[in-house]
Amino acid sequence: RGEKHSEIKQLIITASGGSFRDLTRAELDDVTLADALNHPNWSMGQKITIDSATMMNKGLEVIEAKWLFDLEIDQISTLLHKESTIHSMVEFVDNSIIAQLGNSDMKLPIQFAFSHPDRLPMNNPLDLNTMSQLNFKPMDFERFKMLELAYEAIKIGGTMPAVMNAANEYAVDRFLKGEISFLDIEKIVELRMNEHKVIGEPDLETILYYDKLFKSNMR
């Protein structure tokens, strides 16, 4: 936040890729709930673990970053990073990059949220001596359809991001109950986004209305 916006080239948000990061789209047809909840790096609740598998969690982070840091959507990119060591990076116009590194748990972010702007000691330092390499891959929007939908939602604006988020909560809840398949999650979200007639510059009451509506079984 202290840097001038004119000096920022892009914000880079990293993603582990979730439970199915090494699977093709064809291989996703037969994945189970247990498979989806088996995250390779993080120990989290069921909802966020499924969002990580679909990449919706990164889509929501992109939307958050746009509003938190007042950036254009084309200044926010996502990158696959299996190790989950680098959590985010900022690239400046001179092509220098500053990265935030940490362990793959939420202890530090939660502590800093409570202690901000002060930093308190912690007993779980990142051991750089054990790190042999860091891997990065471009994000494949065809493979991770939900991330593409999130970018579309924020570009459209208005009520669409709220509708996308609510539809995702509805779909993930059904998946956790065993009522739909993994790939049905993105199908439901895309369908409900396509059905929605966007309201620009909605007030809070309107946002809450559509949030409640699209979390329900509308059919």
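Heads up: these notes are all about the structure in this document. (Residues numbered from 1 in each chain as written. Predicted model: local features only at pLDDT ≥ 70, side-chain atom pairs only at ≥ 80, totals over all residues. Heavy atoms only, no water.)

**Brief notes about the nonpolar core**
Side chains that are nonpolar tend, in soluble globular proteins, to be buried together. Core analysis: the biggest nonpolar cluster contains 44 residues, and Met164, Phe182 and Ile185 have the highest contact counts within it. Elements supplying a minimum of two residues to this core: β1 (8-15), α2 (46-54), α3 (56-68), β2 (76-80), α5 (145-156), α6 (160-176) and α7 (182-195). Excluding residues that lie within four positions of it along the chain, Met164 makes contacts with Met56, Leu60, Ile63, Leu149, Ala150, Ala153, Val189 and Met193. (Core = buried A, V, L, I, M, F, W, Y, C linked by side-chain atoms within 4.5 Å. Buried < 20%, exposed > 50% of the residue type's maximum accessible area, 1.4 Å probe, protein only. Helix = DSSP H or I, 4+ residues; strand = E, 2+ residues; numbered from the N terminus. Contact = heavy atoms within 4.5 Å.)

**Topic: a nonpolar patch on the surface**
A contiguous nonpolar patch, built from Met106, Ile110 and Phe114 and spanning about 360 Å² of accessible area, is present on the exposed surface. Its place among the elements puts Phe114 in helix α4 (residues 107-115). Of the residues examined, Phe114 reaches a relative accessible area of 73% and is grouped as exposed. (Patch = residues over 30% accessible without salt bridge, like charges linked within 9 Å, V, L, I, M, F, W, Y side chains within 5 Å. Areas by Shrake-Rupley, 256 points an atom, 1.4 Å probe, with all protein chains shown as cover. Salt bridge = Lys/Arg side-chain N within 4 Å of Asp/Glu carboxyl O.)

**Focus on the packing of aromatic side chains**
This structure, assessed with the given rule, holds 5 aromatic pairs. Aromatic side chains Phe141 and Tyr151 sit 5.5 Å apart centroid to centroid with 90° between the ring planes, which places their arrangement in the edge-to-face category. Separated by 10 residues along the polypeptide, Phe141 in the loop between β5 (137-138) and α5 and Tyr151 in helix α5 bring together distant segments of the chain. Residue Phe141 is classed as partly exposed on the basis of its relative accessible area, which comes to 30%. Between Tyr210 and Phe214, the aromatic rings sit 6.3 Å apart at their centres with planes inclined by 35°, giving tilted as the arrangement. Of the two residues, Tyr210 and Phe214 are both situated in helix α8 (residues 204-214); the distance of 4 residues between them amounts to about one turn of the helix. An identical accessibility class is assigned to Tyr210 and Phe214; each is buried. Above the ring of Phe144, the side-chain terminus of Arg143 is found at 4.4 Å from the ring centroid. (Phe/Tyr/Trp six-rings, centres within 6.5 Å; stacked < 30°, edge-to-face > 60°. Lys NZ or Arg CZ within 6 Å of the ring centre and 35° of its normal.)

**Some thoughts on the pairing of β2**
Going residue by residue along β2, you find Ile76, Thr78 and Leu80 tucked away on one face and Ser77 and Leu79 left uncovered on the opposite face. As paired strands, β1 and β2 are joined by 5 bridges and run parallel to one another. Opposite Ile13, over in β2, you have Thr78 as the bridge partner. (Pairing = 2+ DSSP bridges.)

**Considerations on the pairing of strand β4 (residues 97-101)**
Pairing geometry for strand β3 (residues 86-92) and β4, over 5 bridges, is antiparallel. Along β4, the bridge assignment pairs Ser88 with Gln100. Hairpin geometry of β3 and β4 is characterised by an intervening segment of 4 residues between the two adjacent antiparallel strands and by a positive phi of about 75° at Asn95.

**Looking at the packing of α5 against α7**
Helix packing for two helices is described by the angle between their axes and how far apart those axes are. Running from N to C, α5 and α7 cross one another at 20°; their axes reach a closest spacing of 10 Å. Taken together, the axes of α5 and α7 lie roughly parallel to each other. When you trace α5 past α7, the crossing you get is left-handed. The residues of α7 that touch α5, namely those facing Lys145, Met146, Leu149 and Ala153, are Ile185, Glu186, Val189, Glu190 and Met193. Looking at the contact of α5 with α7 residue by residue, the classes come out as 6 nonpolar, no polar and 3 charged. (Axes fitted to C-alpha atoms, helices over the stretch in contact; angles between N-to-C directions. Parallel < 35°, antiparallel > 145°, perpendicular 65-115°, else oblique. Left-handed = near helix turned anticlockwise from the far one by under 90°. Nonpolar A, V, L, I, M, F, W, Y, C, P; charged D, E, K, R; others polar.)

**Topic: unusual backbone geometry**
Cis geometry is adopted by the peptide bond preceding Pro117, which originates at His116 and carries an omega value of 10°. Counting through the fold element by element, Pro117 comes out in the loop between α4 and β5. Phi at Met55 takes a positive value of approximately 80°, unusual for a residue other than glycine. Structurally, the position occupied by Met55 is in the loop between α2 and α3. Relative accessible area serves as the criterion here: at 0%, Met55 is assigned to the buried category. Residues other than glycine seldom take positive phi values, yet Ser84 does so here, at roughly 55°.

**Brief notes about α7**
Of the residues making up α7, those classed as buried are Phe182, Leu183, Ile185, Glu186, Ile188, Val189, Arg192 and Met193. Here the buried face of α7 lies against α2, α5, α6 and α8.

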